[in-house]
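Structure assessment
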Amino acid sequence: MSILVTGGTGYIGSHTVVELQNAGFEAIIIDNLSNSNPEVLNRIEAITGKRPKFYEADIRDKEALKKIFAENPDIESCIHFAGLKAVGESVSKPLEYYNNNIYGTLCLVEAMRDAGVKNIVFSSSATIYGDPAFIPITEKCPKGVCTNPYGWTKSMLEQILSDVTVADKEWNVILLRYFNPIGAHKSGTMGENPSGIPNNLMPYITQVAVGKRDHLNVFGNDYDTHDGTGVRDYIHVVDLAIGHVKALNKIKENCGLKIYNLGTGHGYSVLDIVKAFEEASGVKIPYEITPRRPGDIATCYADASLAKKELGWEAQYGIKEMCEDSWRWQKNNPEGY
Ligand code: NAD
Ligand code: UD1
């Protein structure tokens, strides 16, 4: 059985392709390489012994999508990672974000429908909860007000994909709401490869550790948390990848619309992460406290018990492994791929 993986050369997509191949699925990647490097394909092959089929194409290219489905009639489901994800950039380029993420997904879902492929697993985000109504966040927590266009694309796409399941009962849609993915493949050959200055905490820390940046800016220490810095639910990217394999198993049950949080259920502050990283790497991370980052919330962590109950999925890796694996990747690949 083949699985079309959009954005499959990206950070989460590449780790998911490895886990798909390990589980016996055929992965077919479509990616326009706007935020990834084709070297990833060599790394996947080195890890799994198998090179996934790769199409360099944009999901907004309807002809390309049609051709991919025609050439691969055994595609049963799609895991849809392709999208732009830089929060700050989305504020300055809203049209580009809506075009890429919303229009791109519409093109994809239309092409899927035309090809009779009506199973999709979608990369959503805890960002759709806005400032969450309660903690830990269950899937019943109401969707909130997003603080940026990136977040709105996720929130809107959840709605669009849900509406599709109402109109046509043949569709199975699983919305996976990721918390904060970090870590890298154990081999140290695949990991997160941000271009420019990292926006997210862990890649920033690893770049400080490897000497590319001189210190970490900690965005605020006056939040209502145990040490005043922001608390998040960090999840190992390999655990996240395995969550997608489990979601595909669920789709086989003709599940209709399902929504799952993928997190560990544990919250760690920025300073907890700095300490855990220092312990895992043996490298000191100098930091400075700076003002809060606009749009940030104090605390965000999941109740992931529904995924455990219904998907049989639970995160296996702790913060130590997440830090060790992020560090191994960065140390071995200081310039990324
Ligand atoms: P990534 O940027 O590493 O991967 C996304 C991939 O999609 C890239 O390889 C990029 O080249 C490709 N892409 C983008 N637009 C495309 C288009 N129009 N056509 C074809 N390919 C296109 O990001 P990631 O961290 O792996 O995230 C994957 C998905 O998960 C994204 O949808 C992201 O919004 C979502 N997500 C990520 C996080 C996170 O912290 N990384 C958290 C929540 C949700
Ligand atoms: C951010 C996005 C969210 C997106 C997620 C994954 C915002 C407001 N939210 O989440 O929409 O889904 O990334 O891509 O951008 N921090 C520092 N210094 C840094 C970087 C981060 O102190 O240099 C702090 C932040 O204030 C936060 C924590 O570290 O408390 C985690 O930040 P980050 O990794 O950017 O993730 P989120 O803000 O949770």
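No experiment lies behind these values; they were computed from the predicted model shown.

Surveying the vicinity of ligand 2 reveals 19 residues, the closest of which are Leu-201, Asn-217, Arg-232, Arg-293 and Asp-296. The side chain of Asn-180 places a nitrogen or oxygen atom 2.9 Å from an oxygen atom of ligand 2. A distance of 2.7 Å separates a nitrogen atom of ligand 2 from a polar atom in the backbone of Asn-217. Isolated, ligand 2 exposes 730 Å² of accessible area, and the fraction of that covered by the protein chains is 89%. Take the shell around ligand 2: its biggest share by element is 4 residues, from strand β8 (residues 216-219). Residue classes in the shell around ligand 2 are distributed as 8 nonpolar, 8 polar and 3 charged.

Here we come to the nonpolar core. Ranked by internal contacts, the top residues of the largest apolar core, which has 38 residues, are Leu-20, Val-121, Ile-174, Leu-176 and Leu-262. Only β1 (2-6), α1 (11-22), β2 (26-31), α2 (39-48), β6 (172-178), α8 (237-251), β11 (257-262) and α10 (305-311) provide two or more residues apiece to this core. With 7 residues, the top contributor of residues to this core is α8. Apart from residues no more than four positions distant in its own chain, Leu-262 is found in contact with Leu-176, Arg-177, Tyr-178, Phe-179, Ile-235, Leu-240, Gly-243, Ala-307 and Trp-313. Leu-4, Leu-65, Val-117 and Trp-171 belong to the second largest nonpolar core, which has 27 residues in total.

Time to look at the side chain of Asp-233. Note on placement: Asp-233 falls in the loop between β9 (231-232) and β10 (234-236). The buried charged residue Asp-233 lacks any salt bridge, with Arg-232 as its nearest oppositely charged partner at 10 Å. Among the polar contacts made by the side chain of Asp-233, one reaches the main-chain amide nitrogen of Ala-302 at a distance of 3.0 Å. In contact with Asp-233, not counting residues within four places along its chain, are Phe-179, Asn-180, Gly-263, Thr-264, Gly-265, His-266, Cys-300, Tyr-301 and Ala-302.

With that settled, consider the packing of aromatic side chains. Taken as a whole, this structure holds 2 aromatic pairs when the rule is applied. Considering the side-chain rings of Phe-277 and Trp-327, the 5.7 Å spacing of their centres and the 80° angle between planes classify their relative orientation as edge-to-face. With Phe-277 in helix α9 (residues 270-281) and Trp-327 in helix α11 (residues 319-332), the pair connects residues that are 50 residues apart, well separated along the chain. Using a relative accessible area of 0% as the deciding quantity, one classes Phe-277 as buried. Summarising the aromatic geometry, the rings of Trp-329 and Tyr-337 are spaced 4.8 Å apart at their centres and angled 50° between planes, so their arrangement reads as tilted. By the burial criterion, Trp-329 is buried, and Tyr-337 matches it. For the cation-ring pair, Arg-292 lies above Tyr-223, with the distance from its terminal atom to the ring centre recorded as 4.0 Å.

Let us now look at the sheet that holds strand β3 (residues 53-56). Spatial ordering of the open sheet is given by β3-β2-β1-β4-β5-β6-β11, a layout of 7 strands whose pairing is parallel. Of all the strands in the sheet, just β3 and β11 have a single pairing partner and so form its edges. Neighbour-to-neighbour, the strand axes of the sheet open up by a mean angle of 20°, direction not taken into account. When β1 meets strand β4 (residues 75-80), the two strands line up parallel, connected through 5 bridges. Bridge pairing links Ile-3 to Ser-77 in β4. The strands touched by helix α6 (residues 149-167) within the sheet are β5 (119-125), β6 and β11, with β5 carrying the most contacts at an inclination of about 155°.

In this section: the side chain of Asp-31. Relative to the helices and strands, Asp-31 is located in strand β2. Buried within the structure, Asp-31 lacks any salt-bridge partner; Arg-60 is the closest side chain of opposite charge, at an N-O distance of 10 Å. Within the structure, the side chain of Asp-31 is placed 2.9 Å from the side chain of Thr-9, a separation counted as a polar contact. Those residues within four positions of Asp-31 in sequence are excluded, and the remaining contacts are Gly-7, Gly-8, Thr-9, Gly-10, Ser-36, Phe-54, Tyr-55, Glu-56 and Ala-57.

Analysis parameters
- Residues numbered from 1 in each chain as written.
- Chains lettered and ligands numbered in written order.
- Predicted model: local features only at pLDDT ≥ 70, side-chain atom pairs only at ≥ 80, totals over all residues.
- Heavy atoms only, no water.
- Near = heavy atom within 4 Å.
- Polar contact = N/O pair within 3.5 Å; in protein donor to acceptor, adjacent residues only side chain to side chain.
- Areas by Shrake-Rupley, 256 points an atom, 1.4 Å probe, with all protein chains shown as cover.
- Helix = DSSP H or I, 4+ residues; strand = E, 2+ residues; numbered from the N terminus.
- Nonpolar A, V, L, I, M, F, W, Y, C, P; charged D, E, K, R; others polar.
- Core = buried A, V, L, I, M, F, W, Y, C linked by side-chain atoms within 4.5 Å.
- Buried < 20%, exposed > 50% of the residue type's maximum accessible area, 1.4 Å probe, protein only.
- Contact = heavy atoms within 4.5 Å.
- Lys, Arg positive; Asp, Glu negative; His and termini not counted.
- Salt bridge = Lys/Arg side-chain N within 4 Å of Asp/Glu carboxyl O.
- Phe/Tyr/Trp six-rings, centres within 6.5 Å; stacked < 30°, edge-to-face > 60°.
- Lys NZ or Arg CZ within 6 Å of the ring centre and 35° of its normal.
- Pairing = 2+ DSSP bridges.
- Axes fitted to C-alpha atoms, helices over the stretch in contact; angles between N-to-C directions.

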